[in-house]
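Read off the chains here:
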Amino acid sequence: PSPSREEIYAKARGNLSLDSWTKVTSMADSARTMLTSTFFQLYTGDRCFKLLREGEMQRSRKYSIVIAARNDMLWLAQPPLHLTSKDGIWIPDGMDWGGLNDRWAILGRQFAAMWFGIWEDIVHKGFMADMLKIPSEMFTGRHQYKEYPPLNTELILARRFGLGVG
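Residues numbered from 1 in each chain as written. Predicted model: local features only at pLDDT ≥ 70, side-chain atom pairs only at ≥ 80, totals over all residues. Heavy atoms only, no water.

Visitor: Could you give me a rundown of the pattern of salt bridges, with the residues and numbers involved?
Guide: Under the criterion given, the structure shown has 10 salt bridges. In this structure, Arg103 engages Asp102 in a salt bridge whose closest nitrogen and oxygen atoms are separated by 2.6 Å. Here Arg103 matches Asp102 in class, with each residue buried. A cluster of three or more residues bridged by salt bridges with shared partners is formed by Arg70, Asp72, Asp102, Arg103 and Glu154. (Salt bridge = Lys/Arg side-chain N within 4 Å of Asp/Glu carboxyl O. Buried < 20%, exposed > 50% of the residue type's maximum accessible area, 1.4 Å probe, protein only.)

Below you can see the structure in the form of structure tokens.
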């Protein structure tokens, strides 16, 4: 069964101080809904990655390419697998909300942990505290919500890959 919003928030808080956590959660309803969606998306990505690794262990070898896709994607055509490399990353342009498009990506296996491992870093490695260190000026005019920090999946992915923000 999926965890409740309260359980997800409790895990996401990790070692953040109450003051820092209040910064994260004291936003308008629209932004808080986005934050809840972001946490659930990262949590389910983590669960998928764990299943992928279990499958690799059962077959005694790793996949060379991993495709990450949101469950709300409507595929009208096959992704361009013939243009990809096991040594690279393909992330489509657009819909990035100031970060990296989170709708889908084709990843060489060595990059899959960076894409799917964010939830573990939020829970165990202080990733949220790192996000809170980004100066709010970095987001001026780059996000649909005025609250700080603008924690959407796109910005979190960009931070994870060392791009764009901070």
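Visitor: Tell me about the side chain of Asp46, and name the residues and values.
Guide: As for its position among the elements, Asp46 is in helix 3 (residues 29-59). For Asp46, a relative accessible area of 4% puts it in the buried group. For Asp46, the contacting residues outside a window of four places in its chain are Phe116, Trp119 and Glu120. (Helix = DSSP H or I, 4+ residues; strand = E, 2+ residues; numbered from the N terminus. Contact = heavy atoms within 4.5 Å.)

Visitor: Tell me about helix 7 (residues 153-160), and please be specific about residues and values.
Guide: Helix 7 sits mainly inside the fold: eight of its eight residues count as buried. Taken together, the buried positions of helix 7 are Thr153, Glu154, Leu155, Ile156, Leu157, Ala158, Arg159 and Arg160. Phi turns positive one or two residues past the end of helix 7, at Gly162, with a value near 70 degrees.

Visitor: Can you tell me about the side chain of Arg160, naming the residues and giving the values?
Guide: For Arg160, the location among the structural elements is in helix 7. Engagement of the side chain of Arg160 in a polar contact is seen with the backbone oxygen of Met114, the distance being 2.9 Å. Setting aside chain neighbours within four positions, we find Arg160 in contact with Ala113, Met114, Gly117, Ile118, Asp121 and Phe127. (Polar contact = N/O pair within 3.5 Å; in protein donor to acceptor, adjacent residues only side chain to side chain.)

Visitor: With reference to specific residues and values, describe the sheet that holds strand 2 (residues 89-90).
Guide: Spatial ordering of the open sheet is given by 1-3-2, a layout of three strands whose pairing is antiparallel. The sheet is open, and its two edges are formed by strand 1 (65-69) and strand 2, each paired on a single side. The pairing of strand 2 with strand 3 (residues 104-108) spans two bridges and is antiparallel. If you follow Ile89 over to strand 3, its bridge partner there is Leu107. Lying over the sheet, helix 4 (residues 109-116) contacts strand 1, strand 2 and strand 3, oriented at roughly 135 degrees with respect to strand 3. (Pairing = 2+ DSSP bridges. Axes fitted to C-alpha atoms, helices over the stretch in contact; angles between N-to-C directions.)

Any link to function would need more than the numbers given here.
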